[in-house]
Amino acid sequence: MTLLNVERVSKSFAGVTVLREVSFDILPGEVLALVGENGAGKSTVLSLITGLLAPDSGTIRYGGEPVRAWSPHRARAAGIASVHQELSLNPHQSVAQNVFLGAWPARRGLVRHRDLVARARPLLDRVGLDVDPRTLAGRLPLGAQQLVELAKALAADPRLLILDEATSALDDDQVRAVFGVVGELRERGGSVVIVSHRMGELLAVSDRLTVLKDGEVMATRAREETGHDDLVRLMVGRELSDMFPAKTPPDAPPADPVLRATGLSVPGSPAGVDLELAPGRIVGLGGLQGQGQREVLRALFGLRHHGGRIELDGRPCRLASPREAIRRGVGYVPEDRKTEGLHVVRSVRDNLALTSLRVLAPARALATVSRRRESELVADLIRRMRIKAASPAQETRRLSGGNQQKVALAKWLPNRPKVLLLAEPTRGIDVGTKREIYHLLRELADDGMAVLVTSGDTMELVGLCDEVLVMYEGAVVERLTGPELTEERLVHASVAGRAAAGEVSHA
């Protein structure tokens with residue numbers, strides 16, 4: 001008997017069909033991957049399974065019985081738990097309180113925090129998270145918060161676990177911990193539905209893969225019967241052999257740096273960071289998660305106090321605030337686009353125009369924005385970035401993750417910043433949209449912009465960047481460029497610092 005059957009399910013919103021007779025099933029003890037570009041319908045399918053939405057037609061069977069009056073509460077009571085890319089934690093409560101949120105253990109009507117802590121510890125151990133359960137969830141880095149979400153799902157002892165881009169913010173060790181949980185559930189007869197844009201992960205952990213495109217099932221493949229190229233063809237309908245654009249030739253004359261940081265130090269960093277960003281070059285900050293990459297970007301954008309010296313165009317400057325950074329020609333696309341990079345409840349139009357008010361307003365009347373200019377600017381950005389939106393007036397939160405990221409990046413383009421800082425620019429984005437962003441970043445660099453990127457994706461850093469600075473415990477331990485910039489060198493330097501990088505160079 002199958003655990004879950006989705007039979008010819010269709011769903012439309014405002015007359016637009018997003019799912020068209022979708023059918024697939026999940027067996028007990030099976031890991032099924034849902035694969036597809038952003039906007040292919042994956043999130044809608046998961047919303048139907050978890051009771052957030054009801055299908056317009058078709059049938060969903062769980063445990064052999066049709067589900068009726070399905071709701072998130074009933075789905076959870078039936079043993080369906082989910083972990084999503086977007087966090088649902090209360091940052092002002094402890095990790096233990098979040099793990100059992102809505103189901104705090106009580107004695108005689110009283111909740112004892114000591115009991116919460118004791119019950120949370122084995123669940124945190126199970127997901128490989130070594131933190132004090134009494135720590136406020138909001139104080140944890142993004143990857144650790146994602147593991148708290150997983151522990152929260154496991155607290156319900158699920159028969160079916162849904163992982164929706166749940167590894168996008170995790171480093172390699174954390175991903176292995178998640179896959180350990182997946183393997184454990186599989187051995188116990190539980191089932192897992194996993195959505196990820198990391199093809200290597202899907203091919204490593206899944207038993208079968210169902211590919212969605214434009215709301216329809218294109219194919220279901222056993223893992224051993226398919227590969228990366230086959231899945232990409234099914235997803236996008238074409239080859240993506242030119243995923244990464246050509247880099248700046250190694251023998252090109254070096255340009256003078258537009259930004260130079262010397263001895264840049266941030267809280268928690270034992271050593272200063274030296275870096276130079278030149279027009280026409282894309283520089284990456286690599287290393288394991290939490291080695292200071294995020295703090296460097298935030299310091300350069302005026303979001304974090306720092307020591308050391310920063311020069312722009314050869315002149316010392318003090319980037320004490322984002323306002324000052326923007327005024328001096330620095331743009332920043334943060335890692336968490338929904339809470340830091342966008343006003344998701346505002347329209348696409350508002351988000352795209354937000355950083356361009358001085359461009360859109362007459363020089364002597366900054367309080368008055370030209371609506372005609374704004375409409376032209378927004379239409380141009382939507383066309384240039386290929387943003388898929390019903391209209392510029394659509395709420396940004398209604399866009400797919402890839403299109404939200406395009407908006408977060410596009411809003412800086414009218415200002416033509418000298419320096420563009422990007423944290424995890426393709427996190428949770430499908431392979432086709434990744435390619436578009438890679439080529440856009442190279443175009444911006446070729447037009448004279450200096451680009452600094454942080455990423456936990458080794459292949460992304462190697463394929464995109466002209467140079468990668470590997471950070472280890474808050475310091476730059478290796479600079480890789482040209483033929484030295486390989487996945488092997490980068491991984492070794494990330495894991496063990498300069499010593500390991502040297503070992504590879506002499507291998």
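Regarding the overall build of the protein chain
Each helix and strand in the protein chain was counted, giving 19 helices and 22 strands. Here the protein chain has a C-alpha radius of gyration of 24 Å; the compact-globule value for 507 residues is 23 Å, and the two agree. Each principal axis of the C-alpha distribution contributes one length, and for the protein chain these read about 70 × 55 × 50 Å. Taking all 507 residues of the protein chain together, the buried fraction comes to 53%. Intrachain contacts of the protein chain at a sequence separation of at least 6 include 66% that bridge at least 24 residues. Surface summary for the protein chain: the accessible area is close to 23,200 Å², and the carbon and sulfur share equals 49%.

A short note on the sheet that holds strand 21 (residues 467-472)
Two orientations exist for strands paired in a sheet by backbone hydrogen bonds: parallel and antiparallel. Spatially, 18-19-20-15-21-22 is the arrangement adopted by the six strands of the open sheet, whose pairing is mixed. The open sheet has two free edges, formed respectively by strand 18 (330-333) and strand 22 (475-481), since each of these has just one partner strand. Ignoring which end each strand starts from, the neighbouring axes of this sheet average 20° apart. As paired elements, strand 18 and strand 19 (residues 419-423) share four bridges and run parallel to each other. Following the sheet pairing, Gly-331 is matched in strand 19 by Leu-420.

As for the pattern of salt bridges
Following the criterion strictly, the structure yields 33 salt bridges and no others. Between Glu-276 and Arg-260 there is a salt bridge, with the nearest N and O atoms lying 2.9 Å from each other. In this pair, Glu-276 is assigned in strand 14 (residues 273-277) and Arg-260 in strand 13 (residues 259-265), connecting sequence segments 16 residues apart. Given a relative accessible area of 43%, Glu-276 falls into the partly exposed group. Residue Arg-260 is classed as partly exposed on the basis of its relative accessible area, which comes to 28%. Among the salt bridges present, the one from Glu-374 reaches Arg-349, with a minimum N-O distance of 2.6 Å. Of this pair, Glu-374 sits in helix 14 (residues 371-385) while Arg-349 sits in helix 12 (residues 348-353); the two residues are 25 residues apart in sequence, bridging distant segments of the chain.

A word on the side chain of Arg-337
Structurally, Arg-337 can be placed in helix 11 (residues 337-341). The residues touching Arg-337, leaving out its near neighbours within four places in the chain, are Gln-85, Leu-342, Gly-401, Gln-404, Gln-405, Arg-427 and Gly-428.

Re the sheet that holds strand 10 (residues 191-195)
Taking strand neighbours across the sheet as the criterion, the six strands line up as 6-9-10-3-11-12 in an open arrangement whose pairing is mixed. Looking along the sheet, the strands with just one partner apiece sit at the ends: strand 6 (80-84) and strand 12 (216-222). Each strand of the sheet is rotated relative to its neighbour by a mean of 15°, with strand direction disregarded. In this sheet, strand 9 (residues 160-164) lies alongside strand 6 in parallel orientation, the contact comprising five bridges. Residue pairing across strands places Ala-81 opposite Leu-161, the latter belonging to strand 9.

A word on the packing of aromatic side chains
Counted under the stated rule, the structure contains four aromatic pairs. Judged by centre distance (6.2 Å) and plane angle (50°), the rings of Tyr-62 and Trp-70 are tilted. Where Phe-301 meets Tyr-332, the ring centres are 5.1 Å apart and the plane angle is 40°; that geometry is what we call tilted. Taken together, the residues Phe-301 in the loop between helix 9 (293-300) and strand 16 (307-312) and Tyr-332 in strand 18 connect sequence positions 31 residues apart. Each of the two residues, Phe-301 as well as Tyr-332, counts as buried. Ring pairing ties together the aromatic residues Phe-301, Tyr-332 and Trp-412, which thus form one cluster.

Description of unusual backbone geometry
Not every positive phi belongs to a glycine, and Glu-165 is a case in point at roughly 55°. Tracing the sequence through the fold places Glu-165 in the loop between strand 9 and helix 6 (172-187). For Glu-165, a relative accessible area of 6% gives the class buried. At Asp-214, a residue that is not glycine, the phi angle is positive and equals roughly 50°. Tracing the backbone shows Asp-214 in the loop between strand 11 (208-213) and strand 12. Under the relative-accessibility criterion, Asp-214 is labelled exposed at 54%.

A short note on the environment of Val-419
Along the chain, Val-419 turns up in strand 19. If near-sequence neighbours (up to four positions away) are discounted, Val-419 is found in contact with Val-258, Leu-259, Leu-277, Leu-312, Gly-329, Val-330, Gly-331 and Ala-450.

Conventions and cut-offs
- Residues numbered from 1 in each chain as written.
- Predicted model: local features only at pLDDT ≥ 70, side-chain atom pairs only at ≥ 80, totals over all residues.
- Heavy atoms only, no water.
- Helix = DSSP H or I, 4+ residues; strand = E, 2+ residues; numbered from the N terminus.
- Rg over C-alpha atoms; globule rule 2.2 N^0.38 Å.
- Buried < 20%, exposed > 50% of the residue type's maximum accessible area, 1.4 Å probe, protein only.
- Contact = heavy atoms within 4.5 Å.
- Areas by Shrake-Rupley, 256 points an atom, 1.4 Å probe, with all protein chains shown as cover.
- Pairing = 2+ DSSP bridges.
- Axes fitted to C-alpha atoms, helices over the stretch in contact; angles between N-to-C directions.
- Salt bridge = Lys/Arg side-chain N within 4 Å of Asp/Glu carboxyl O.
- Phe/Tyr/Trp six-rings, centres within 6.5 Å; stacked < 30°, edge-to-face > 60°.

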